[in-house]
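Below, each chain spelled out in residue letters.
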Amino acid sequence: MPCLQPEALESMESGSATSARVSTAATAETEESLRTVTTETKPRTMKGMGWFFSPLWSPRSKTRRRRFEDGTKGTQVEAWLDDHSDFTRAYFLRRASAASAPQTDVSHLQPRIPKSNLDHPCLLKKALHHCRGSSPLSNPHLNISYTSDRLKPLASHHVASEWIDSFTPEVMGCHSPLSPRSSRFSFSPCPPLSPICPGSPELPHFPLQPQCTSAPSPAACGNGECCPWMRGLMRGGLSWMGSVAELCLGAVLHAGELLAAEGCCLSLVKKDSSGRSTLEEVVALIELGDLSEGNLCSHAHMELVKGIMGCVLATGSPMNLRDVSEDPRFEIDEDQSSKIRTLLSVPIKNHREEVVGVVFMINKRNSSDISVSVFTSMDEKVLSNHMDVLGMVLDNVQLYESSRQEAKRSQALIEMAQVLSKEHHSFEVLLSKMAATIMPFTRSQYCTIFIPNDQDEDSFSRVIHLECEELGSSCQIYRREHDVSDIDQSYALQTLLAMETLNMFESSDESMKSLICCPVRNERSEDVIAVCQLMNKRCRDSDELEAFNRYDERLLEDLAVYCGLALQYAQAVQITEERRASIEVTQEVLAYHITAAEQEIQVLQEAEIPSADSLRILDFHFSDFGLPEDMTSQATVRMFLDLNLVQDFNIDYKSLCQWVLTVRRGYRNNVPYHNWNHALSTAQSMFAMLMATNQLQTIFSRSEILALMIATLSHDLDHRGVSNSYIERSQQPLAQLYGHSSLENHHYNLCLFILNNTGSQILSGLTAEEHRSVLQMIKRAILATDLTVYMERRKEFFSLSKKRKVSWKSEKQRDLLRSMLMTASDLSAITKPWHEQQRIANLVSMEFFAQGDKEKEEFKIKPVGIMNRENSTRLPYMQVEYIDDICYPLYKAVSTLFDSCFPLMLGCKKNRENWLQLVKEAEEESENSFCSITLETHENDEGKLQTEE
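Residues numbered from 1 in each chain as written. Predicted model: local features only at pLDDT ≥ 70, side-chain atom pairs only at ≥ 80, totals over all residues. Heavy atoms only, no water.

Looking at the overall build of the chain
We apply this condition: Here a strand is any run of E in DSSP of at least two residues, a helix any run of H or I of at least four, and the numbering for each starts at the N terminus. In this scheme, a residue with accessible area under 20% of its type's maximum is buried, one over 50% is exposed, and one in between is partly exposed, where area comes from a 1.4 Å probe on protein chains only. Contacts are assigned to residue pairs that have any heavy atoms within 4.5 Å of one another.
When helices and strands are counted, the chain shows 35 helices and twelve strands. Here the chain holds 949 residues, and the buried ones make up 54% of them. Taking the contacts inside the chain whose residues are at least 6 apart along the sequence as the reference set, 73% of them involve residues at least 24 apart.

Structure (structure tokens):
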């Protein structure tokens, strides 16, 4: 680590805030500490950084706030320390073993990296104009390859970093690049010095401040000077650095001159797909001494260098060979031993003590001031401290660039999501736009999406091929029409079979090719439904090709996910369109069979409609029993005519006749009770209540009356003779389609279908707003016939009926009244004359018992009482309970609000008396104790009813 002047000694002792960190300039606290040391009025500046290079000083030491001789000047402190080297050595060794200082946030040290002025690929050649030779290293065992010509400036306006392309965050740091991390200068305490190798001479102790006597250039750290390399890093917040190659080059050159080495090189760690760490050369071997050109660049020398660097990588410890020829671990010939005498190699570590690189120094040069020519323990410490700084900077640079890469990736994902969210007229256009989105981010020349053949899993049926043409600072994407046979499928087929991402780079004298393939999987089945392929990644600053990196892989895998979603979306759209067409065909067939025949329509249209009195549809005791079917249709038409709905809404008379006949055909004849006769009876009850007094017609608007009449006639369309509970328990499509009130929702939808059927559009004379309002009221009225809805809302209605006067101006109150009148009309069979009531009760029990039989057979359960055929003899008891719990309270509330509806409550009360008489007769016959209790209960209820009346 670079040197620090003795004037800063008290600053190191003064506190944790400044004891273990290096910043771009002296902080306010440091300046204050310096002012307390000296008697000068102006703060003293740091003259050198020699203390950082002392092997006895550790910046992690935790110091107390105390001073050496408060009144002593800095020069006196320095002189005293030089004169008492034994004390100084012991002191710093003791301080080095102390606890580490607390961390200080130095987020301002995040690199601001400008665009490099070096032209690729001659990056190192221009920077090393004073060097006499370099040679690429290659070894299949260590995987060291010459990549410095592929390193690009980190600070260009482009978002990619070529160092990030080569070195993974698993090595340089496993931090989330989008989350803040406290970055700090953390240099490990004095690491153990490497063992003295055989043949190494015992060396005398050197002064605390090393002298780089053989380096006349200002790059070497001398006593009383600031380290130019560290000063450059700290002063501009790393803004001077053009690329990782330049950073490493500057560090190696500075350390090499500082240690007076004849040669030096540096490699960084890279992890392959299997997680194995390998070294990739960033700074090739540089000869700094007076050796002839290429003196150290022979193959044998390179093998020795790679072997030693591999050992340092494996052990994570420095290696200082003071006599290479006598080390038993390495076999060298005479030529090598004459050229390579001493070696020093130290690992480059980040703040997590992970090895991220290795630096190598060869042959310490002879000096007139120093009699020995070997790397000393102090040299090892100096080099280790420099490499600690480099490792920390590389870690921060990697973190910074990872953030930029993630920002780029996020931008690409957002753009692809925007493309996916828009509607496209074809699947090919959607995939083409998604591929065109990712191509500029990866700088790929071609993008191809292969669609597998459904018949043959090992082949492709079609391709989507895009080409990118560079136009200065922008690019233009073209979609080329190609047949499958025109495109090389070999790599895509390999990816299809292996179901894994393929990344390859081929380079030969004739051609170069970079390619990456990624499978597109179905999210549900995990089957490969497509293969995305990117080809020929172009360099940012030239037309040369380069390999796709791991960020390109991630982007392509993200594209594969979106392509998978697009494929599934396209398949879903196709299935939806097919089902829509199928539904349209089904509706055409249904409309044909449900629509009345033209001759039947004409007969009703030309028939003379009897009056309401002759049809007795104004009577609450109306019964359709024995009424001819054509008369039921005429009675329905008469209701619409007498309510003036045909005139008020310009309803075409033929359309009305067709609508009535179509609704009649919409009910199933094989259902005992919920059939057309029940629909007619419900509509007649509503008609009778509306016509009995002008009060209801005053409360409701004309649109509300129209909606109520349509709803009563349509409220049980296509009833299946079973309840909602049975439909849900049997998991019929109706339950899956609607979830709740399945039958009522189905009735409304069929009602809507008939109203929209050609020739039955009786609402065509309404305005758009009136049409929407009427349909909404029809739906709410039909859903109100669900007894579950009635039980939920009736308490509110009963409370309303107890008021002396109700305004009915509120839409909420009118909606409640419409719902209660729908239920009163639906249950009106309980108010009919006794003989009619008995007939209808038998039909209802027949339908209920049939459902109970199905439940026994299908679900192996005992049905509820009213649907259990075993309880057929208890029909009178169940009818009395039904009247007391459901019917009578409703008709009493309606009669309270509207006197004209009193016949409904009276008919209900009379039928209860008749059913109760049957209960008494049954009691006399059976003498069942349970029935006796029930009879007594019902008699008490009867007394209550008489009291209330």
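Examining the pattern of salt bridges
Note the following rule: The term salt bridge refers to a pairing of a side-chain nitrogen on Lys or Arg with a carboxyl oxygen on Asp or Glu at a separation within 4 Å.
If you walk through the whole model with that rule in mind, you get 38 salt bridges. Salt-bridge contacts for Arg554 lead to Glu406; the nearest nitrogen and oxygen are separated by 2.6 Å. Residue Arg554 is located in helix H17 (residues 550-594), and its partner Glu406 is located in helix H14 (residues 377-421); the two are separated by 148 residues in the primary sequence. Overall, Arg554 belongs to the partly exposed group, its relative accessible area being 27%. The exposure class of Glu406 is buried, given its relative accessible area of 8%. When the shortest N-O distance is used, the salt bridge between Lys856 and Glu870 registers 3.7 Å. Of this pair, Lys856 sits in helix H32 (residues 834-859) while Glu870 sits in the loop between H32 and helix H33 (875-897); the two residues are 14 residues apart in sequence, bridging distant segments of the chain. Overall, Lys856 belongs to the partly exposed group, its relative accessible area being 27%. Salt bridges sharing partners connect three or more residues here, namely Glu704, Arg780, Arg793, Glu811, Arg814, Asp815 and Arg818.

What about the sheet that holds strand E2 (residues 277-287)?
Either a parallel or an antiparallel arrangement is found when strands of a sheet pair, and the pairing is made through backbone hydrogen bonds. This is how the line gets drawn: For two strands to pair, DSSP has to find at least two bridges joining them. Axis lines are fitted to C-alpha atoms, over the contacting stretch for helices. Their N-to-C directions set the angle, which ranges from 0 to 180 degrees.
One open sheet accounts for five strands, arranged E2-E1-E5-E4-E3; its pairing is antiparallel. Every interior strand has two partners, whereas the edge strands, E2 and strand E3 (319-321), have only one. Strand after strand, the sheet turns through a mean of 15° between neighbouring axes, direction not considered. Pairing geometry for E3 and strand E4 (residues 343-349), over three bridges, is antiparallel. Residue pairing for E4: Asn320 is matched across the bridge by Leu344. The strands that helix H11 (residues 244-259) touches are strand E1 (261-271), E2, E4 and strand E5 (355-364); relative to E1, the one it contacts most, it runs at about 145°. Relative to E4, H14 is tilted by about 30°, and along the sheet it contacts E1, E3, E4 and E5.

A short note on the packing of helix H20 (residues 629-642) against helix H22 (residues 653-665)
Applied cut-off: Small angles under 35 degrees read as roughly parallel and large ones over 145 as roughly antiparallel, with 65 to 115 read as roughly perpendicular and the rest as oblique. Left-handed describes a crossing whose near helix is turned anticlockwise from the far helix by less than a right angle; the clockwise case is right-handed.
The interhelical angle for the contact between H20 and H22, taken along N-to-C directions, is 130°, at an axis separation of 10 Å. Comparing their axes, H22 and H20 come out oblique. Like other packed secondary-structure pairs, H20 and H22 cross with a definite hand, here right-handed. Of the residues in H22, those touching H20 at Glu629, Asp630, Thr632, Ser633, Thr636, Val637, Phe640 and Leu641 are Tyr653, Leu656, Trp659, Val660, Leu661 and Arg664.

Looking at the environment of Glu584
Short version of the rule: Any pair of N or O atoms that falls within 3.5 Å is considered a polar contact. Within protein, one atom must be able to donate a hydrogen and the other to accept it, and sequence-neighbouring residues count only if both atoms are side-chain atoms.
Tracing the chain through its elements places Glu584 in helix H17. For Glu584, the side chain forms a polar contact with the side chain of Arg580, separated by 2.7 Å.

Structural notes on the nonpolar core
Generally speaking, soluble globular proteins have nonpolar side chains that are buried together. Definition in use: The definition of a nonpolar core used throughout is a set of buried Ala, Val, Leu, Ile, Met, Phe, Trp, Tyr and Cys residues joined through side-chain atoms within 4.5 Å.
Residues Phe640, Trp659, Met709, Ile710, Ile778 and Phe797 are the most contacted members of the largest nonpolar core, which totals 100 residues. The biggest single contributor to this core is H33, with 13 residues. The residues touching Phe640, leaving out its near neighbours within four places in the chain, are Leu645, Val646, Leu656, Trp659, Leu706, Met709, Ile710 and Leu713. In terms of nonpolar packing, the next biggest core, distinct from the first, is built from 40 residues, Leu249, Leu268, Val346 and Ile348 among them.

Looking at the pairing of E5
Burial within E5 is extensive, with ten of its ten residues counted as buried. With seven bridges connecting them, E4 and E5 associate as antiparallel partners. Residue pairing in the sheet places Ser345 in a bridge with Phe360 of E5. Between the antiparallel neighbours E4 and E5 lie five residues, among them Glu353 with a positive phi of about 65°.

Section: the environment of Glu600
Topologically, Glu600 is positioned in helix H18 (residues 598-606). Within the structure, the side chain of Glu600 is placed 2.4 Å from the side chain of Arg664, a separation counted as a polar contact.

Digging into unusual backbone geometry
Comment: phi is negative for the bulk of residues other than glycine, and the bulk of peptide bonds are trans. The residue Arg443 is not glycine, and still its phi comes out positive at about 55°. Assignment of secondary structure puts Arg443 in the loop between helix H15 (427-442) and strand E6 (444-452). According to the relative accessible area criterion, Arg443 is buried, its value standing at 14%. The phi angle at Asp718 is positive, at roughly 55°, despite the residue not being glycine. Along the polypeptide, Asp718 turns up in the loop between helix H25 (702-714) and helix H26 (724-729).

Overview of the pairing of strand E10 (residues 512-521)
With seven of its ten residues buried, E10 lies for the most part within the structure. Where strand E9 (residues 502-507) and E10 come together, six bridges link them in antiparallel fashion. When the sheet's bridge partners are listed, Glu506 is paired in E10 with Lys513. Two elements, E10 and strand E11 (residues 528-538), share seven bridges in a ladder whose sense is antiparallel.

Things to note about the packing of helix H28 (residues 742-756) against helix H29 (residues 768-783)
To characterise two packed helices, one gives the angle between the axes of the helices and the distance between these axes. Quick reminder of the rule: For this scheme, ten residues count as nonpolar: Ala, Val, Leu, Ile, Met, Phe, Trp, Tyr, Cys and Pro. Four count as charged, namely Asp, Glu, Lys and Arg, and the remainder, Gly too, count as polar.
Relative to each other, H28 and H29 sit at 145°, their axes nearing to 9 Å. Pair H28 / H29 crosses with right-handed handedness. Facing H28, whose interface residues are Glu744, Asn745, His747, Tyr748, Cys751, Leu752 and Leu755, H29 presents Leu775, Ile778, Lys779, Ile782 and Leu783. Its residues placed into classes, the contact of H28 with H29 shows eight nonpolar, two polar and two charged.

Considerations on helix H16 (residues 490-498)
Counted only if it meets this: Throughout, the arc means that of the directions going from the helix axis to the C-beta atoms.
What H16 keeps buried is the set Tyr491, Ala492, Thr495 and Leu496. Buried residues of H16 fall within an arc of 140° about the axis and therefore sit on the same side. Backbone geometry just after H16 places Met499 at a positive phi near 60°.

Looking at H29
Quick reminder of the rule: Expected span of a helix: the number of residues minus one, times 1.5 Å.
Along its 16 residues, H29 runs 23 Å from first to last C-alpha, staying within 8% of the 22 Å computed at 1.5 Å per residue. The complete set of buried residues in H29 reads Val774, Leu775, Met777, Ile778, Ala781 and Ile782. Down the axis, H29 shows its buried residues gathered within 165° of arc, on one side only. Turned more than 90 degrees away from the buried face of H29, the exposed residues are Ala768 and Glu769. Each element contacted by the buried residues of H29 is listed here: H25, H28 and helix H31 (811-826).

Points about the confidence of the model for the chain
Let me state the cut-off plainly: A residue's pLDDT is the confidence the predictor assigns to it, expressed on a 0 to 100 scale.
Per-residue pLDDT for the chain averages 75, and the proportion of residues at 70 or more is 68%. Looking at the elements of the chain, mean pLDDT is at its lowest for helix H7 (residues 123-127), recorded as 34, and at its highest for H25, recorded as 97. This model gives residues 1-72 a pLDDT under 50, and the stretch forms 190 contacts once residues within four places in sequence are excluded. Long-range and interchain partners of residues 99-220, a stretch whose pLDDT sits below 50, account for 355 contacts in this model, where long-range means more than four residues apart.

Some points on the state of the cysteines
By definition, a disulfide links the sulfur atoms of two cysteine residues through a covalent bond. Under the convention used in this document: Note that a disulfide, as used here, is simply two cysteine sulfur atoms within 2.5 Å.
Applying the stated criterion to the full structure yields zero disulfides. Among the cysteines around Cys908, which has no disulfide bond, Cys887 carries the closest sulfur, lying 5.3 Å off.

Digging into the side chain of His715
Tracing the backbone through its elements, the reader meets His715 in the loop between H25 and H26. There is a polar contact of 3.1 Å between the side chain of His715 and the side chain of Asp826. If near-sequence neighbours (up to four positions away) are discounted, His715 is found in contact with Tyr667, His678, Ala679, Thr682, His747, Ile782, Thr785, Met822 and Asp826.

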